[in-house]
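# Architecture at a glance
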Amino acid sequence: MTSDQAEQPAPDEFGTAGPASEDDGQNDANGKPKKSTARVAAEWVVVLSGALVLALVLRAVLFQAYYIRFTSMEPTLQNGDRVLVYKLGYDVNRGDLVVFERPSGVSGRQEDDLIKRVIALPGEVVKFVDGVVYIDGQRLYEPYLESPGITVGGPPPGCDAIVDGGCLIGAGQVFVMGDNRANSTDSRVFGPIPERLIVGRAFLRLWPVTDFGRL
């Protein structure tokens, strides 16, 4: 090694070489350049704006919180409960709690969505016998009802056909009812609803915190 080479500063940990300079007050304790207050504030504005945009996108596309205003879903949901609804497309199943657009002709503000339970699916026949729900001739097990054997009603309007006194659900439709059968305006009144009216499935209770959990 020549004397000229020996006088060159050794490479630092980043692979560069250069004479060390004194701290001019613009570096932090680790030797990194300090950020100005304005730059830090600008970065926080960008971060918070991005978080807000993401939250709005998720609300519009994936999830939305709903406030329960009435008693038609008791005892499962109480007046004042808040639930989280999954809005992205999914296969509707019997027993799902679904939020859907208010069918035309149903009393109330048109912008107020409804929440009910899916009881019968396309191609099935739903019928009520002695206060009990039957699907295709088989009794429906409904453990969520506070008082079983109180479901009454005849074939509603909008059935694809009347089969043995029951309502045949047409293609692309579902039959929905509230769990509070004695106090619920549902498919027994306005008939099966088109699946396209379904906003999403309620899957999580957010409020009250004491009842937080999956539905």
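Now for a quick tour of the structure. Position numbers for residues count from 1 along each chain, tracking the sequence in the order it is written. Owing to the predicted nature of the model, reporting of local features is limited to residues with pLDDT of at least 70; listing and counting of side-chain atom pairs is limited to 80 or more, with chain, interface and lining totals taken over all residues. Computation of side-chain values covers all heavy atoms of the structure but excludes hydrogens and water.

The next subject is the sheet that holds strand β9 (residues 166-168). We call two strands paired when DSSP finds no fewer than two bridges between them. Helix and strand assignments follow DSSP, with helices taken as H or I runs no shorter than four residues and strands as E runs no shorter than two, numbered in order from the N terminus. Overall, antiparallel pairing links the five strands, which are arranged β7-β6-β5-β9-β8 in an open sheet. Among the strands making up the open sheet, the edge pair consists of β7 (138-139) and β8 (161-163). Inspection of the sheet shows β8 paired to β9 by three bridges, in the antiparallel sense. Bridge pairing links Ile162 to Cys167 in β9.

Taken together, Val40, Trp44, Val47 and Leu48 make up a surface patch of nonpolar side chains, about 400 Å² in accessible area. The residue Trp44 is located in helix α2 (residues 37-61) in this model. Judged by relative accessible area, which is 53%, Trp44 ranks as exposed. Like-charged residues within 9 Å of one another, or nonpolar side chains (Val, Leu, Ile, Met, Phe, Trp, Tyr) within 5 Å, are grouped into patches, provided each residue has over 30% relative accessible area and no salt bridge. Calculation of accessible area relied on Shrake-Rupley with a 1.4 Å probe; when residues are assessed, cover is drawn exclusively from the protein chains displayed. Whenever a carboxyl oxygen of Asp or Glu lies within 4 Å of a side-chain nitrogen of Lys or Arg, that contact is scored as a salt bridge. Here the term buried applies to any residue with accessible area under 20% of the maximum for its type, exposed to any over 50%, and partly exposed to those in between, with areas from a 1.4 Å probe on protein chains only.

Take Thr151: it is sitting in the loop between β7 and β8. Throughout this description, a polar contact denotes any pair of N or O atoms lying within 3.5 Å of each other; where both atoms belong to protein, one of them has to be capable of donating a hydrogen while the other can accept it, and for residues adjacent in sequence the pair is counted only when both atoms sit in side chains. Side chain to side chain, Thr151 and Arg181 meet in a polar contact 2.9 Å long. Aside from chain neighbours lying at most four places away, what touches Thr151 is Phe128, Gly131, Val132, Val133, Leu145, Met177, Arg181 and Arg188. We call two residues in contact when some of their heavy atoms are within 4.5 Å.

Our focus in this paragraph is the layout of surface pockets. Here the term cavity refers to a set of points on a 1 Å grid, laid over the protein atoms alone, in which a 1.4 Å probe fits but cannot get out; the term pocket refers to an open set having protein on both sides within 12 Å along at least five of seven lines, with lining residues being those that place an atom within 4 Å of a point. Grid points are joined across faces, edges and corners, and a volume is the space filled by probe spheres set on the points. One number sums up the size of the largest pocket: a volume of about 540 Å³. In terms of lining, the largest pocket is formed by 22 residues, of which the most central are Phe70, Ser72, Arg102, Asp113 and Leu114. Counting only elements with at least two residues in the lining of the largest pocket, the list comes to β1 (63-67) and β4 (114-120). Looking at the lining of the largest pocket element by element, the count peaks at three residues for β4. Amino acid classes used here: Ala, Val, Leu, Ile, Met, Phe, Trp, Tyr, Cys and Pro are nonpolar; Asp, Glu, Lys and Arg are charged; the rest, including Gly, are polar. The residue inventory of the lining of the largest pocket, partitioned by class, reads ten nonpolar, seven polar and five charged.

With that settled, consider the packing of aromatic side chains. Classification of ring pairs rests on two measures: the distance between centres of Phe, Tyr or Trp rings, Trp counted by its six-membered ring, which must be within 6.5 Å, and the angle between planes, read as stacked under 30 degrees, edge-to-face over 60 and tilted in between. In total, this model carries four aromatic pairs according to the counting rule given. With 5.8 Å between their ring centres and 50 degrees between their planes, Phe63 and Tyr86 make a pair best called tilted. You can see Phe63 sitting in strand β1 and its partner Tyr86 sitting in strand β2 (residues 82-86), a full 23 residues away along the chain. Among the aromatic residues, those joined into a ring-pair cluster are Phe63, Tyr86 and Phe203. Whether a charge sits over a ring comes down to the Lys NZ or Arg CZ being within 6 Å of the ring centre and within 35 degrees of the ring normal. Directly above the ring of Tyr144 sits Arg117, whose terminal nitrogen or CZ lies 3.7 Å from the centroid.

For the rest of this paragraph, the subject is the environment of Ala171. Position of Ala171 among the secondary structure elements: in the loop between β9 and β10 (173-177). Taking the C-alpha atoms as reference points, Ala171 and Glu195, 24 residues apart in sequence, are found 9.3 Å from one another.

With that out of the way, let us pick up the state of the cysteines. Here, the term disulfide refers to a pair of cysteine sulfur atoms separated by no more than 2.5 Å. Taken as a whole, this structure holds one disulfide when the rule is applied. The disulfide partner of Cys159 is Cys167, and the gap between their sulfur atoms is 2.1 Å. Taking the sign of the torsion about the S-S bond as the criterion, the disulfide between Cys159 and Cys167, at about -115 degrees, is left-handed. For Cys159, a relative accessible area of 18% translates into the label buried. Classification of Cys167 as buried rests on a relative accessible area of 1%.

It is possible for side chains bearing opposite charge to pair when their charged atoms get close. Using the criterion set out here, one finds seven salt bridges in the structure. Note that Asp81 is salt-bridged to Arg205, the shortest N-O span being 2.8 Å. Of the two residues, Asp81 is situated in the loop between β1 and β2 and Arg205 in strand β12 (residues 198-207); the sequence distance between them amounts to 124 residues. Per residue, the accessibility class of Asp81 equals that of Arg205, and both read buried. One salt bridge connects Glu142 with Arg181, and the closest N-O pair in it is separated by 2.6 Å. Taken together, the residues span a long stretch of sequence, with Glu142 in the loop between β7 and β8 and Arg181 in the loop between β10 and α3 (187-190) at a distance of 39 residues. Given the relative accessible area of 11%, Glu142 is considered buried. Owing to a relative accessible area of 3%, Arg181 belongs among the buried residues under this scheme.

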